[in-house]
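# Chain and residue survey
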Amino acid sequence: MIKVDVQQIKQRFGIIGNNAALNRAIDVALQVAPTDLSVLITGESGVGKETFPQIIHQNSPRKHGQYIAVNCGAIPEGTIDSELFGHEKGSFTGALSDRKGYFEVADGGTIFLDEVGELPTPTQARLLRVLETGEFIRVGSSKVQKTNVRIVAATNVNLTQAVAEGKFREDLFYRLSTVPIQVPPLRERGEDIILLFRKFASDCAEKYRMPPIRLDEEARQLMLSYRWPGNVRELKNITERISVIEENRDITASVLRLYLPDLNIEKYPVLVKQDSDQKIFNSEREILYQVLFDMKKDVNELKKLVHDIMGGKMPIEVPEESAAYPHPIHTVRPVPPIQEAEAVEEAESLSLEEVEKEMIRKALERHNGRRKNAAADLKISERTLYRKIKEYNLE
Ligand SMILES: Nc1ncnc2c1ncn2[C@@H]1O[C@H](COP(=O)(O)OP(=O)(O)OP(=O)(O)O)[C@@H](O)[C@H]1O
Ligand SMILES: [Mg+2]
């Protein structure tokens, strides 16, 4: 096979950055690609793990075979075995015909098991078997079948800890992580942060036909020192948001600070993730805290409004057109203070469930129903999101 180098790969797969640890990760992927060894990609959420299995597949002798990416966190527990290994007609309610699973379809190719830490225990056992012997059995069948599939897995949870807690099989962990590849967090990539920012800013400028935003020196320093808990995904989202919202294309540190949510976290130490393994738990809490803080802000604004109205003053935000309107006072509907006070009370007594439901509904709306993106935005797993959608009847 022709030898390809790291720079070529970065160009081909649109990977920005020159950080040594990132280059090393890509180099390991290239070295291991021609073999059939299992590879485990680890790294925090949003670091860019998803291109690695593609790099590996495209640079392997399997490249003309199937490449199937499976998000283990997004498939309901009840159907995951059937999705992966297939089923026989009639093996469960709804199994109206025989169905091939991914391991059968990808024979001769590569399967990418994303969020592999989310695999239920019985599925872990089936996976171990297919990895060790190439054998699997369709759900509801007794016939052993053979397949030849290369596995690349990824996780943003600490699998060693999951093993210690008995949530992930130790033998499977060792089998999967024959070759581990660590993708470094963004905060450790130095100048790459600025390179990525420029790339996202110029993509956005092109898309919306406007000049790209630029950082002044102080904003640049802030970018470099920020901890980027959501890594490249967060940087991309923030850059897009600033590009669209800020009219002034020269971005100062004080403007940038408004878009870096994590900077406010020091005030609320409970939000700081001490341990990435507690991600889901902390994240669900984070959602609630975030909403509560936002609501508190709204409530304060409402209180101020009520105060202003009762003090005979007009609210600060008078719509601009109203200046030209003959009865400017009436363009801002002065709500009777009593009702405002009730509204405040009501907001304060919203249950946590309602707050959470609302947050999820909004996230789904923002991402046009794309659950993967909504889950990422909410910093919860897709499985948790599915569960919540069901629970709250948000379909
Ligand atoms: N080096 C990079 N250059 C350009 N874009 C990148 C880079 N790294 C990541 N991205 C972009 O950042 C986003 C997040 O990356 P990706 O989806 O691979 O994250 P991940 O590591 O799989 O996260 P998670 O664990 O949450 O699934 C994607 O839009 C990806 O294209
Ligand atoms: Mg991913």
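Refer to the structure above for everything that follows.
What this report covers is the structure whose coordinates are included nearby. Note that the structure is a prediction, hence the values are computed from the model and not measured.

### Focus: a nonpolar patch on the surface
- A contiguous nonpolar surface patch, about 290 Å² in accessible area, is contributed by Tyr208, Val244 and Ile245.
- Within the secondary structure layout, Ile245 lies in helix H11 (residues 231-245).

### A few points about the packing of aromatic side chains
- In this structure the tally under the stated criterion is four aromatic pairs.
- Between the aromatic rings of Tyr226 and Trp228, the centroid separation amounts to 4.6 Å while the plane-to-plane angle is 90°, which identifies the pairing as edge-to-face. Just as Tyr226 is buried, Trp228 falls in that class too.
- A connected cluster of aromatic rings, assembled from ring pairs, spans Phe85, Phe103 and Phe136.
- Directly above the aromatic system of Tyr102 lies the positively charged group of Arg99, at a separation of 5.9 Å from the ring centroid.
- Across the ring face of Tyr386, the terminal group of Arg371 is positioned such that the distance to the ring centre comes to 4.6 Å.

### Things to note about the environment of Leu394
- Summarising the element assignment, Leu394 is placed in the segment after helix H18 (382-391).
- Judged by relative accessible area, Leu394 falls into the buried class, the value being 17%.
- For the pair Leu394 and Glu358, spaced 36 residues apart in the sequence, the C-alpha separation amounts to 9.8 Å.
- Among all residues touching Leu394, those that are not within four sequence positions of it are Lys357, Ile360, Arg361 and Ile389.

### Brief notes about the sheet that holds strand E7 (residues 179-182)
- With parallel pairing, the five strands of this open sheet are ordered in space as E2-E3-E6-E1-E7. The strands lining the two open edges of the sheet, one partner per strand, are strand E2 (67-71) and E7. Averaged over all adjacent pairs, the angle separating strand axes in this sheet is 20°, with direction ignored.
- Where strand E1 (residues 39-42) and E7 come together, four bridges link them in parallel fashion. In the sheet register, Leu40 faces E7, and the bridge partner there is Pro180.
- The sheet contacts of helix H2 (residues 20-32) involve E1, strand E6 (150-155) and E7, and relative to E7 the element is tilted by about 155°.

### Looking at H18
- Among all positions in H18, only Glu382, Arg383, Thr384, Leu385, Lys388 and Ile389 are buried.
- Trailing H18 by a residue or two, Asn393 shows a phi angle of about 60°, which is positive.

### What to know about the site of ligand 1
- Lining the immediate surroundings of ligand 1 are 16 residues, of which Ile16, Ser45, Gly46, Lys49 and Asn156 lie closest.
- A distance of 2.9 Å is found between an oxygen atom of ligand 1 and a side-chain nitrogen or oxygen belonging to Glu50.
- One nitrogen or oxygen atom from the side chain of Arg233 is found 3.0 Å from an oxygen atom belonging to ligand 1.
- Burial of ligand 1 by the surrounding chains reaches 81%, relative to a free accessible area of 640 Å².
- Mapped by element, the contributors of at least two residues to the shell around ligand 1 are helix H9 (192-208) and H11.
- With three residues, the single largest contributor to the shell around ligand 1 is H11.

### Concerning the side chain of Thr147
- Inspection of the secondary structure puts Thr147 in the loop between strand E5 (144-146) and E6.
- Judged by its relative accessible area of 11%, Thr147 falls in the buried class.
- In this view, Thr147 contacts Phe103, Asp107, Val130, Gly134 and Phe136; residues no more than four positions away in its chain are not counted.

### Focus on H2
- End to end, H2 covers 18 Å across 13 residues, agreeing with the expected 18 Å (1.5 Å per residue, within 8%).
- Along H2, the positions that sit buried rather than exposed are Leu22, Asn23, Ala25, Ile26, Ala29, Leu30 and Val32.
- Residues of H2 that are buried in the fold lie against helix H1 (6-13), E1, helix H3 (51-58), E6, E7 and H9.
- The N-capping residue of H2, defined by a side-chain oxygen 3.0 Å from the backbone nitrogen of Ala21, is Asn19.

### Observations regarding the pattern of salt bridges
- Applying the stated criterion across every chain, the model contains 20 salt bridges.
- Of the charged contacts, one joins Asp203 and Lys199 as a salt bridge, the two residues approaching to 2.8 Å between their closest N and O atoms. One end of the pair, Asp203, and the other, Lys199, are both in helix H9, four residues apart, so they sit about a helical turn from each other.
- Owing to a relative accessible area of 34%, Asp203 belongs among the partly exposed residues under this scheme.
- For Glu365, the salt bridge goes to Arg361, with nearest N and O atoms at 2.9 Å. You can see Glu365 and its partner Arg361 sitting in helix H16 (residues 352-366), four residues apart, about one turn around the helix.
- When its relative accessible area of 33% is taken as the criterion, Arg361 is described as partly exposed.
- In this structure, a network of salt bridges that share partners links the residues Glu88, Asp98, Glu104 and Arg138.

Procedures and definitions
Residues numbered from 1 in each chain as written. Chains lettered and ligands numbered in written order. Predicted model: local features only at pLDDT ≥ 70, side-chain atom pairs only at ≥ 80, totals over all residues. Heavy atoms only, no water. Patch = residues over 30% accessible without salt bridge, like charges linked within 9 Å, V, L, I, M, F, W, Y side chains within 5 Å. Areas by Shrake-Rupley, 256 points an atom, 1.4 Å probe, with all protein chains shown as cover. Salt bridge = Lys/Arg side-chain N within 4 Å of Asp/Glu carboxyl O. Helix = DSSP H or I, 4+ residues; strand = E, 2+ residues; numbered from the N terminus. Phe/Tyr/Trp six-rings, centres within 6.5 Å; stacked < 30°, edge-to-face > 60°. Buried < 20%, exposed > 50% of the residue type's maximum accessible area, 1.4 Å probe, protein only. Lys NZ or Arg CZ within 6 Å of the ring centre and 35° of its normal. Contact = heavy atoms within 4.5 Å. Pairing = 2+ DSSP bridges. Axes fitted to C-alpha atoms, helices over the stretch in contact; angles between N-to-C directions. Near = heavy atom within 4 Å. Polar contact = N/O pair within 3.5 Å; in protein donor to acceptor, adjacent residues only side chain to side chain. Expected span 1.5 Å × (residues − 1).

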